[in-house]
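# Structural overview for review
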Amino acid sequence: MRIVAAVAHEEDEPFTIEELTLDAPRSDELLVRIDAVGVCSTDIAIRDQCLPVPLPAVLGHEGAGVVEAVGSQVSKVAPGDKVVLTYGSCGRCALCAGGHPAYCLELVGRNLSGGRPDGSNALHGDGGDIHGFFFSQSSFATHAIATERNVVRLDDDVNLDIAAPLGCGIQTGAGAVMNRLRPEAGSSLAVFGLDAVGLAALLAARAVGCATIIAVDTEAARLELARELGATDTVNMSRVNPVSSITGLTGVGVCYAVVSSASPDVARQAVNSLAPLGTCALLGRGPIGTELSVTMTNLLIPGRTVTGVTEGDSRPDEFIPRLLALYQQGRFPLDQLIDTYALGDINRAIEDTESGKTIKAVLRPH
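Residues numbered from 1 in each chain as written. Predicted model: local features only at pLDDT ≥ 70, side-chain atom pairs only at ≥ 80, totals over all residues. Heavy atoms only, no water.

## Digging into the sheet that holds strand 2 (residues 16–22)
The condition that has to hold: In short, DSSP must find at least two bridges between two strands for them to pair. Labels follow the DSSP assignment, with helices taken as runs of H or I lasting at least four residues and strands as runs of E lasting at least two, numbered in each case from the N terminus.
Ordered in space as 4-1-2-7-8, the five strands form an open sheet in which the pairing is antiparallel. The two strands at the open ends of the sheet, each matched to only one other strand, are strand 4 (57–58) and strand 8 (128–130). Pairing between strand 1 (residues 2–8) and strand 2: six bridges, direction antiparallel. Within strand 2, the position partnered with alanine 5 by the bridge is glutamate 18.

In structure tokens, the structure reads:
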């Protein structure tokens, strides 16, 4: 079938809107009409070749829409079902079986290889094949091929503009808090970096009952929004030392910290802001080879822990409906982070995201 998609052809160059051919789904795949797709920092990083996914490619990995066709082996969803698309996993390895599909042993091949695990692709341009199957979807398009493992069925009344960002960025921030850190009600937590991922972590901290939620950033407008969303305190780290400020606010440091920034310096400050026995979750992914150094005295002697978190360590079939339920209850106001754009305005959406004008851009392909 013919579809319209945004194609990344060259490093650091704008996406181009093109008509492509999309193959029919295989027996274990399904076809989804994409009605909304979030723009994630990972999409931008791939366009800029900070991560080595081959180009030209159709990116996009926070798709949501309606199933149009299913292969003979698919039983989880049926044509007409609303779905949100998330990351791919094999479902067979020890980590998937143990409830941690975000750390699937086949994660790279199913998400970042530029094609299916067998090397094939379903996308074709006039000049040849286009790399796809990005996060088992490639949803910067009017339609995408997905797998049974990376779709989550939604209720018919779910707003797809709200559902789409849950596929990656929002579940990453919220899941780091709710699935990995699991802060006790009444505890303290600091969020370093108030992008969509960091603000999702802040919303999750409020939802689970953290008593002290400290938002750390360099932008006054983001800090003010964090206040509106539930931060009890804010720290502008362009003006003050965040470690001293957090220690002053709490007396001993925070029980938990979340870092959405990829800066090692920011991560080090977050670790140093922890109370004894505190835990810091690192979510940002810098260029390959980025290192974090912390002194053994500051990290080990106080019993502090540093942990990396991928995709919020979530089980999407359980976690995404949980976040939607919180949204419907008014306890997770994700809509306050979202601005919508037409697919053809993808480059403006990315510019607005990079400038800080937009927190979470959601594209509408139709």
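## Describing the pattern of salt bridges
Quick note on the threshold: Salt bridge, as used here: a side-chain nitrogen of Lys or Arg that lies within 4 Å of a carboxyl oxygen of Asp or Glu. Any residue under 20% of the maximum accessible area for its type is buried, any over 50% is exposed, and the rest in between are partly exposed; the area is computed with a 1.4 Å probe on protein chains only.
All told, the structure shown has 17 salt bridges when counted by the stated rule. A salt bridge links arginine 110 to glutamate 106, with the nearest nitrogen and oxygen atoms 2.8 Å apart. In this structure glutamate 106 comes out as partly exposed when scored by relative accessible area, which is 29%. Close ionic contact of aspartate 313 with arginine 180 constitutes a salt bridge, the shortest N to O distance being 3.4 Å. Residue aspartate 313 is located in the loop between strand 16 (305–308) and helix 11 (316–328), and its partner arginine 180 is located in helix 5 (residues 169–181); the two are separated by 133 residues in the primary sequence. Looking at aspartate 313, the relative accessible area reads 8%, which means it is buried. Connected via shared salt-bridge partners are Arg47, Asp48 and Glu354.

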